[in-house]
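Residue-level structure breakdown
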Amino acid sequence: MAFGSLFRFLTRRFMTNAAQISPSALCTRHSQHSSGCEQPSPRRSIRPSALCTRHSQHSSGCEQPSARKNIRHSALYPRHSQHSSGCEQPSALWSIRPSALCTRHSQHSSGCEQPFPRRNIRPSALCTRHSQQASGCEQLSPQWNIRHSALYPRHSQKPFSPWLAFRPFLFVLCPLLFAFCSLAQQVGQPLPKWKEGGLDIHHINTGQGSATLLVFPDGTTLLVDAGAINSRDWRTNKPRNIPTKPSNERQAGEWIARYVQKALGHQTSPVIDYALISHFHDDHMGTPLNVTKQSSAGYTLAGITEVGEFIPIRKIIDRGWPDYSYPAPMTADSMVSNYRRFLQWQQQRKGLIVEKFRAGSNDQIVPLKSKKYPFEVQNIAVNGEMWMGVGNQTTSLFPPLSSLKPADFPNENMCSAVFQIRYGKFDYFSGGDLQGVIRFGAPAWHDVETPIAQVVGPVDVQLVDHHGYPDSQNGTLLARLQPRVMVVPSWASSHPGKDVLERMFSEEFYKGPRDVFMTNLLPEAKTAIADLLPRLKSEGGHVVIRVEKGGKTYQIMVLDDTTESFRIKAVYGPYQSK
């Protein structure tokens, strides 16, 4: 409604100003500006005398600029003061010989109405020196910055359609209004399907952990994590009572699968080409604890194992394959054991390929459909092994395990798989559950964010580390990455910490605007960060980043997570990629 009102206001404004224009200013078919002359220009539907109406005779000294084109007559006919038949001097401005413009007579008589062969315009539309308009009116038009003599020839009383005067503004107004209206029309409508050449990044909200679907420009797909948290808090053994989105009718893994199927609606049979498990926590891969849903193969369906029940997965990449023994054997972990049973069955029956995430590699996740739209997935770090920023060289962030006591081993979050995506000028960073704000007395190498930030550099969008938990998003990381957009995959009352959010908004670490989006801000978290709530762009919903072909610009769309409608709640951008 607001855009429609704006359009109507501008239309009335310009038409009101234009309605005073006399028709004889736009027609010079006759040597006299008769009030009945309404002959339009065949080419532009503009009456000819609007181009030059200063003198009644074509004198050689006429240098009056054309009101419509701001072109002096001598620029069109610089050779002679009279248009003789032998004049073949090229036009200084258009490089067109006069005879190419009028071929009916050797002299440009006032009655010459022969159309120009080159542009199908009557000669009087370019030269009006035969008109009898008075030359004294030289008042500048306040709206068009042109002389009144071009618009008010003072010999006509009959008004003409103001549409002609309004037309020049359409070249500026229409694209702007179209852009604004197209954004407005998207709100409330389903998300348009992915198009070839675009990069879509869906931060899926089930309220039960992290899940991110990427559709690369060539159509290759990547699912990063598929969280399904334990319904009971492992710290207190009490029910979490966190609702599943869009409803509790299905488990998180099935909701993720259904979302992926709909997002890949452009495919005849949706397939996940790559699945990456950033690390082995239930909010990133799913836990079998307190879950009764079983597969026919004997493993529990939760998180990634449930996604694989509904959608084929061609390759899974994680940090532990094949022995799952870093930094210590995981044989006693029920979650990893269930996951490994899933992998074994999928390998034997479905041809699944499993690989270990390789730090420093930029060819582990590659375009599979086409080479037409080059993008790069750069593996940054995993298990304390970090890319050095050159070639495939890596260095170790952690001391040798043999020098540590088991109690001092790196924790699961510190071992997260970290990667960066580049498409044109667009950069996206995902750090799993990295930590960078360490507890008092902890060794310095427990800060993993700081060294990783040095090899990443500025990005457009960051998936916030560790859900914005108090041990994440340190100042060094923020100063180095300088994200324009930050997405927090929140699902717990501690997501995000107030101190963390204050750092994210602070210009102490980097200058400039930044937008923060939450996927699932719980009531307790809202209370804790109440004074910062107005600065958030979203408090809940699927957060979709849509990068346009080539990667120069991108938009953020927040989708309704209470249904499967893909209904757009809000649109932000377009943003310019760095």
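In this report, we go over the structure that sits alongside the text. These numbers come from a predicted model, not from an experiment.

Procedures and definitions
Here the residue numbers are simple positions, counted from 1 along each chain's written sequence. Local features in this predicted model are restricted to residues of pLDDT 70 or higher, and side-chain atom pairs are both shown and tallied only at a pLDDT of 80 or more, whereas totals for entire chains, interfaces and linings draw on every residue. Remark: hydrogens and water are excluded; side-chain values derive from all non-hydrogen atoms of the structure. Between Lys or Arg on one side and Asp or Glu on the other, a salt bridge is scored when a side-chain nitrogen of the former is within 4 Å of a carboxyl oxygen of the latter. The helix count covers DSSP runs of H or I at least four residues long, the strand count covers runs of E at least two residues long, and both are numbered beginning at the N terminus. What counts as a ring pair is set by centres within 6.5 Å for rings of Phe, Tyr and Trp (its six-membered ring), and what kind of pair is set by the plane angle: stacked under 30 degrees, edge-to-face over 60, tilted for all other angles. Accessible area is worked out with a 1.4 Å probe on protein chains only. A residue is then buried under 20% of its type maximum, exposed over 50%, and partly exposed in between. Strands were regarded as paired on the criterion that DSSP finds at least two bridges between them. Interaxial angle, 0 to 180 degrees, is taken between N-to-C directions of lines fitted to C-alpha atoms, where a helix line uses only the stretch in contact. In this analysis, the expected span of each helix is defined as 1.5 Å times one less than the number of residues it contains. Arc definition: directions from the helix axis to the C-beta atoms. What makes two residues a contact is simply this: any of their non-hydrogen atoms within 4.5 Å. Whenever a nitrogen or oxygen atom comes within 3.5 Å of another N or O atom, the pair is scored as a polar contact, on the condition that within protein one atom can donate a hydrogen and the other can accept it, and that pairs from neighbouring residues in sequence are kept only if both atoms are in side chains. To form a nonpolar core, buried Ala, Val, Leu, Ile, Met, Phe, Trp, Tyr and Cys residues must be joined to one another through side-chain atoms within 4.5 Å.

The tally for this structure, following the rule as stated, stands at 18 salt bridges. The closest approach of N and O atoms between Lys369 and Asp273, which form a salt bridge, is 3.8 Å. Here Asp273 lies in strand β4 (residues 272-276) and Lys369 lies in the loop between β6 (353-356) and β7 (376-382), a separation of 96 residues in the sequence.

Evaluation of the coordinates by the stated rule reveals 12 aromatic pairs. Where Phe216 meets Phe375, the ring centres are 4.2 Å apart and the plane angle is 0°; that geometry is what we call stacked. Highlighted residues: Phe216 in the loop between β2 (212-215) and β3 (221-224) and Phe375 in the loop between β6 and β7, separated in sequence by 159 residues. Summarising the burial analysis for this pair, Phe216 and Phe375 share the class buried.

The next thing to look at is unusual backbone geometry. Between Lys245 and the following residue, Pro246, the backbone shows a cis peptide bond with an omega angle of 0°. With respect to the helices and strands, the residue Pro246 is situated in the loop between β3 and α6 (252-263). Omega for the peptide link from His495 to Pro496 comes to -5°, which places this bond in the cis form. One can find Pro496 in the loop between β13 (485-488) and α12 (498-505). Phi at Asn237 is positive, roughly 60°, even though this residue is not glycine. Backbone geometry places His466, a non-glycine residue, at a positive phi of 45°. Within the secondary structure, His466 is located in the loop between β12 (461-463) and α11 (475-481). The class of His466 is buried, set by a relative accessible area of 10%.

Among the 7 residues in strand β16 (residues 553-559), 7 count as buried, and that is most of the element. Side chains Thr553, Gln555, Met557 and Leu559 project from β16 onto one buried face, and the interleaved Tyr554, Ile556 and Val558 project onto a second face that is buried too. Where strand β15 (residues 542-547) lies against β16, 6 bridges are found, and the strand directions are antiparallel. The residue bridging Val543 from the neighbouring strand is Val558, located in β16. Where β15 hands over to β16, the hairpin turn is made up of 5 residues, of which Gly550 adopts a positive phi near 95°. Of the pairings in the sheet, the one linking β16 to strand β17 (residues 568-576) comprises 6 bridges and is antiparallel in character. Across the sheet, Thr553 pairs through a bridge with Gln576, a residue of β17.

So, about the sheet that holds β16. The mixed open sheet is built from 9 strands, whose spatial order is β6-β5-β4-β3-β2-β1-β15-β16-β17. Edge strands, defined here as strands with exactly one partner in the open sheet, are β6 and β17. With direction set aside, neighbouring strand axes in the sheet form an average angle of 15°. In this sheet, β3 lies alongside β2 in antiparallel orientation, the contact comprising 4 bridges. Bridged to Val215 within β3 is Thr221.

Taking 1.5 Å of rise per residue, 17 residues should cover 24 Å, and helix α9 (residues 334-350) covers 23 Å from first to last C-alpha, within 8% of that figure. The complete set of buried residues in α9 reads Met335, Val336, Asn338, Tyr339, Phe342, Leu343 and Gln346. The arc enclosing the buried residues of α9, seen along the axis, measures out at 160°, which places them on a common side. Seen from the buried face of α9, the exposed residues on the opposite side, beyond 90 degrees, are Gln348 and Arg349. Packing partners of the buried residues in α9 comprise α7 (282-285), α8 (304-310), β5 (313-318) and β6. Its side-chain oxygen 2.9 Å from the backbone nitrogen of Met335, Asp333 forms the N-cap of α9. Downstream of α9 by a residue or two, Gly351 has a phi angle that is positive, lying close to 75°.

Within the element layout of this structure, His284 appears in helix α7. Taking relative accessible area as the criterion, His284 reaches 3% and is therefore assigned buried. A polar atom in the side chain of His284 sits 3.2 Å from the side chain of Asp433. Setting aside chain neighbours within four positions, we find His284 in contact with Ser210, Asp225, Ala226, Gly227, Ile277, Ser278, His279, Asp433 and His467.

With that settled, the discussion passes to the sheet that holds strand β8 (residues 385-387). Read from one edge to the other, the open sheet built from 8 strands follows the order β9-β8-β7-β10-β11-β12-β13-β14, with strand pairing classed as mixed. One side of each edge strand has no neighbouring strand; the edge strands of this open sheet are β9 (394-396) and β14 (515-518). In this sheet, neighbouring strand axes are inclined to one another by 20° on average, regardless of whether the strands run parallel or antiparallel. This element, α12, spans β13 and β14 of the sheet and lies at about 150° to β14.

By size, the foremost hydrophobic cluster in this structure holds 41 residues, and its most contacted members are Ile304 and Tyr339. For this core, the secondary-structure elements that each account for two or more residues are β2, α6, β4, α8, β5, α9, β16 and β17. Listed in part, the 34 residues of the second largest apolar core include Ile365, Val382, Ile421 and Val543.

Our next topic: the side chain of Asn520. Tracing the backbone shows Asn520 in the loop between β14 and α13 (523-528). Judged by relative accessible area, Asn520 falls into the buried class, the value being 7%. Engagement of the side chain of Asn520 in a polar contact is seen with the side chain of Asn205, the distance being 3.5 Å. A polar atom in the side chain of Asn520 sits 3.2 Å from the side chain of Lys245.

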